[in-house]
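Structure at a glance
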Amino acid sequence: MATADEQIRISDRVKKRLDSRRREGESYNDVLDRLLGETTDSDFEDGFGLLSEAEGEWIREQRADAKDERKERMRGLGNV
């Protein structure tokens, strides 16, 4: 087992949350590594390149159309 390269401070509340997620034999480093690997938060660049250019263009067109429709609805509400 490797020794810690660095120490971090956490609140008692966070420690309790980590404790509740720790599995038998897991170090705090292990549990943090596992939990961080499961997050849905992503880097800004994650997902780039998943869609083809045609798919991306279709999405852009749909968004623009929806925006135009919302503007027209708002204009119509203003004339009531």
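Predicted model only: the values in this text are computed from it and were never measured.

**Topic: the overall build of the protein**
When you go through the protein residue by residue, the secondary structure sums to three helices and zero strands. Starting at the N terminus and walking to the C terminus, you meet the elements of the protein as α-α-α. Residues counted as buried form 6% of the 80 residues belonging to the protein. Here the protein displays about 8000 Å² of accessible surface, and carbon together with sulfur accounts for 49% of that area.

**Focus on the packing of aromatic side chains**
Per the stated rule, a full pass over the model turns up zero aromatic pairs. Positioned over the ring face of Tyr 28 is Arg 22, at 4.1 Å from the centre of the ring.

**Concerning the side chain of Arg 34**
Along the chain, the position of Arg 34 falls in helix α2 (residues 28–38). Its relative accessible area of 17% is what places Arg 34 among the buried residues. Looking at Arg 34, its side chain comes within polar contact range of the main-chain oxygen of Arg 21, at 2.6 Å. Of note is the side chain of Arg 34, whose polar atom sits 2.8 Å from the side chain of Glu 26. Contacts of Arg 34, omitting those with residues within four sequence positions, involve Arg 21, Arg 22, Arg 23 and Glu 26.

**Topic: the confidence of the model for the protein**
The pLDDT averaged across the protein works out to 85; a share of 81% of its residues lies at or above 70. Here α2 stands out as the element of the protein with the lowest mean pLDDT, 87, in contrast to helix α1 (residues 12–21), whose mean of 93 is the highest.

**Describing a negative patch on the surface**
Together, Glu 61, Asp 65, Asp 68 and Glu 69 make up a negatively charged patch on the protein surface. By the element assignment, Asp 65 lies in helix α3 (residues 53–78).

**Some remarks on the pattern of salt bridges**
Evaluation of the coordinates by the stated rule reveals six salt bridges. Residue Glu 53 is joined to Arg 60 by a salt bridge in which the shortest nitrogen-to-oxygen separation is 2.9 Å. Taking relative accessible area as the criterion, Glu 53 reaches 61% and is therefore assigned exposed. The residue Arg 60 makes a salt bridge to Glu 57 at a minimum N-O spacing of 3.3 Å. In this pair, Arg 60 and Glu 57 are both assigned in helix α3, three residues apart and thus about one turn of the helix distant. Accessibility expressed as a relative area gives 43% for Arg 60, which makes it partly exposed. Connected through salt bridges with shared partners, the residues Lys 15, Asp 19 and Arg 22 form a single ionic network.

Criteria and thresholds
- Residues numbered from 1 in each chain as written.
- Predicted model: local features only at pLDDT ≥ 70, side-chain atom pairs only at ≥ 80, totals over all residues.
- Heavy atoms only, no water.
- Helix = DSSP H or I, 4+ residues; strand = E, 2+ residues; numbered from the N terminus.
- Buried < 20%, exposed > 50% of the residue type's maximum accessible area, 1.4 Å probe, protein only.
- Areas by Shrake-Rupley, 256 points an atom, 1.4 Å probe, with all protein chains shown as cover.
- Phe/Tyr/Trp six-rings, centres within 6.5 Å; stacked < 30°, edge-to-face > 60°.
- Lys NZ or Arg CZ within 6 Å of the ring centre and 35° of its normal.
- Polar contact = N/O pair within 3.5 Å; in protein donor to acceptor, adjacent residues only side chain to side chain.
- Contact = heavy atoms within 4.5 Å.
- pLDDT = per-residue confidence, 0-100.
- Patch = residues over 30% accessible without salt bridge, like charges linked within 9 Å, V, L, I, M, F, W, Y side chains within 5 Å.
- Salt bridge = Lys/Arg side-chain N within 4 Å of Asp/Glu carboxyl O.
- Lys, Arg positive; Asp, Glu negative; His and termini not counted.
- Charge placed at Lys NZ, Arg CZ, Asp CG, Glu CD.

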